[in-house]
Amino acid sequence: MIKIFNSFSSNKDKFEPFEKNMVKVFICGPTLYDYTHVGHARIFLTYDLLCRHLRERGYDTDVLVNMTDINQNVFNKAKDESKDYHVVARFYAQKFAEDLNILNIKSVNRFAYVSDYVEYMESHISQLLEQKIAYYANGNVYLDISKDRKYGMLSKQSRNQLQLHRLDIGPNKKSQEDIMLWNCSDDFGFSWKSKFGSGIPWWHMQDTTVALENFGANYDIHGGARELLYPHHEAHLAQYKMFSTSENPVKMWMHVGLVLSNGEKMSKSLGNVVWSKDLAQKYGQNLLRLYIFSTHYREDVNFDEKQIIERRQLLQKINITGTKTSKKTDSELSVLVEAFFAALDDDLNSPKALEIFENICSKVIAGSNIGYDDFQRICQVLGIVL
RNA sequence: GGUGAGGUGGCAGAGCGGCUAUGCGUUCGCCUGCAAAGCGAAUCUAUAGGGGUUCGAAUCCCUUCCUCACCUCCA
């Protein structure tokens, strides 16, 4: 039985997909204005591990990543470089794909450029207007959040708290916490024509539409970094529910911890950003995986290259073990192999799984036998390629 | 200020009521032409501070202090 910590329930919940053997996963993807950094890499490595493990456990996976190209940062970059924003976005999308590839992340099978979905966003927003769940204010369109009694439950905030936020500020909003769906401003330098006037579909609505068009009324896992919990995921859930018959159209909300650098969040202004491609080139994807997986995904990691290097010993042991596989696994090691997978069943406890794997390798090097198939299963789930 | 997650040996990081992981590091052996890797052994005996509960707490409760994240865009 697979258990996953669900941010909505704040509990390790037993995982059962809506469809028997198919797991639909939505991962909040990159905004296409810069290269992939370690933080992004960690997110996608984590879900890659999850999907590999789900497949090991007999599920099929269907993984969707939104590629955000309607965003102020992308527009700014395009203006700075005097290019069409599409050119900028596609350039970084290409780089992102390359970065995933270098890291042997093969789980993602749907990449959705949000700008390809604008007409659907328009139609979704229209539906909400017709149902009087959304309203106009100063030309913008907002979601009337009072229609969702459970709004705030994902980020664990009371109504009072929610009202304090300076979210999507604009005149004539019915309520301060209402979420913007369409922004009619022309100040962005780029805009789309719609029946609401020209403007841009707002951030949260982009993902809601992408999810609806790809997955329909529900899906199993929504993933992303913890920092997206509020307002992004809270807003997405509120919107999504309006199109679903279920109160819980998304089974699991899985949030990955941040990668810090010198104890602080990576950001360009602090100058502490580490690019994924540089690390992959320097250390290789195997080592990077062993490093990332040696911390539980919900914890923050203080990025430290020394610790990547420390993982070399483990990789070496794995390499040696790979040359010593047998036809059959000793019963003593079979227990450990099962324990490896059981650790991953328990909210993807990869540090524990790696410890068990290291133990297995030590025993094989000392003379015990592991079957080729068992060894391969483990490497396959970890994404290690020898 | 509000909300959430944390504070474990030199470092990383499990354990989440009793048997005090594990890895790196350090030291010494074996191996090797030398080194690296590997193997063996030794080393450090930790749980932020203060109160409780208990026969017994890193693990439960209270409290103080500290760290990080979110609350504008952010993976």
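The structure we're discussing is the one just above.
Residues numbered from 1 in each chain as written. Chains lettered and ligands numbered in written order. Predicted model: local features only at pLDDT ≥ 70, side-chain atom pairs only at ≥ 80, totals over all residues. Heavy atoms only, no water.

1. Observations regarding the layout of surface pockets
Where empty space is left in the structure can be found by rolling a water-sized probe over the atoms.
So, point 1. Roughly 1,100 Å³ of internal volume is contained in the largest pocket.
So, point 2. Every residue lining the largest pocket is counted, 49 residues in all, and those nearest its centre are Thr31, Tyr33, His37, His40 and Glu227.
So, point 3. Mapped by element, the contributors of at least two residues to the lining of the largest pocket are α1 (38-56), α2 (72-80), α3 (85-102), β9 (200-201), α6 (203-215), β10 (219-225) and α7 (229-241).
So, point 4. Looking at the lining of the largest pocket, its residues break down into 25 nonpolar, 17 polar and seven charged. (1 Å grid on protein atoms, 1.4 Å probe; cavity = no way out; pocket = protein on both sides within 12 Å on 5 of 7 lines; lining within 4 Å. Points joined across faces, edges and corners; volume = space filled by probe spheres on them. Helix = DSSP H or I, 4+ residues; strand = E, 2+ residues; numbered from the N terminus. Nonpolar A, V, L, I, M, F, W, Y, C, P; charged D, E, K, R; others polar.)

2. A short note on unusual backbone geometry
So, point 1. Here Tyr230 and Pro231 are connected by a cis peptide whose omega angle stands at 0°.
So, point 2. By the element assignment, Pro231 lies in helix α7.
So, point 3. If you check the backbone angles, Asn104 has positive phi at about 60° while not being a glycine.
So, point 4. Residue placement: Asn104 occurs in the loop between α3 and β5 (110-113).
So, point 5. Residue classification places Asn104 among the buried residues on the basis of a relative accessible area of 12%.
So, point 6. In this structure, Leu348 is a non-glycine residue whose phi angle is positive, near 55°. (Buried < 20%, exposed > 50% of the residue type's maximum accessible area, 1.4 Å probe, protein only.)

3. Some words on the protein's contact with RNA strand B
So, point 1. Gln161, His165, Trp203, Lys265 and Glu355 are the nearest of the 37 residues found near RNA strand B.
So, point 2. Each atom of RNA strand B within 4 Å of the protein was classed as base or backbone; sugar and phosphate made up 80%.
So, point 3. Interatomic distance of 3.4 Å between a backbone N/O atom of Gly39 and a base nitrogen of RNA strand B.
So, point 4. In this structure, Gln161 approaches RNA strand B through a side-chain N or O atom, which is 2.2 Å from a sugar or linking oxygen.
So, point 5. Within the residue set of the surface near RNA strand B, elements represented by two or more residues are α1, β12 (259-261), α10 (305-310), α11 (312-322) and α13 (350-365).
So, point 6. Per-class residue counts for the surface near RNA strand B are 12 nonpolar, 15 polar and 10 charged. (Near = heavy atom within 4 Å. Polar contact = N/O pair within 3.5 Å; in protein donor to acceptor, adjacent residues only side chain to side chain.)

4. Concerning empty space enclosed by the protein
So, point 1. In the structure shown here, the tally under the stated rule is three cavities of 30 Å³ or more.
So, point 2. Its volume calculated, the largest cavity comes out at about 50 Å³.
So, point 3. Taken together, Arg42, Thr46, Leu49, Ile292, Phe293, Thr295, His296, Tyr297, Leu348 and Ser350 make up the lining of the largest cavity.
So, point 4. Every element with two or more residues in the lining of the largest cavity is listed here: α1 and α9 (285-293).
So, point 5. The element best represented in the lining of the largest cavity is α1, accounting for three residues.
So, point 6. Of the residues contributing to the lining of the largest cavity, the split by class is five nonpolar, four polar and one charged.
So, point 7. Approximately 40 Å³ is the volume found for the second largest cavity.
So, point 8. Residue assignment for the lining of the second largest cavity shows that the elements contributing at least two residues are β1 (3-6) and α1.
So, point 9. Counting residues per element, the lining of the second largest cavity draws most heavily on α1, which supplies three residues.
So, point 10. Considered class by class, the residues forming the lining of the second largest cavity number seven nonpolar, one polar and two charged.
So, point 11. Summarising the domain contributions, the lining of the second largest cavity has at least three residues from each of domain 1 (3-115 + 202-260) and domain 2 (311-386). (Domains from an automatic or database assignment.)

Any link to function would need more than the numbers given here.
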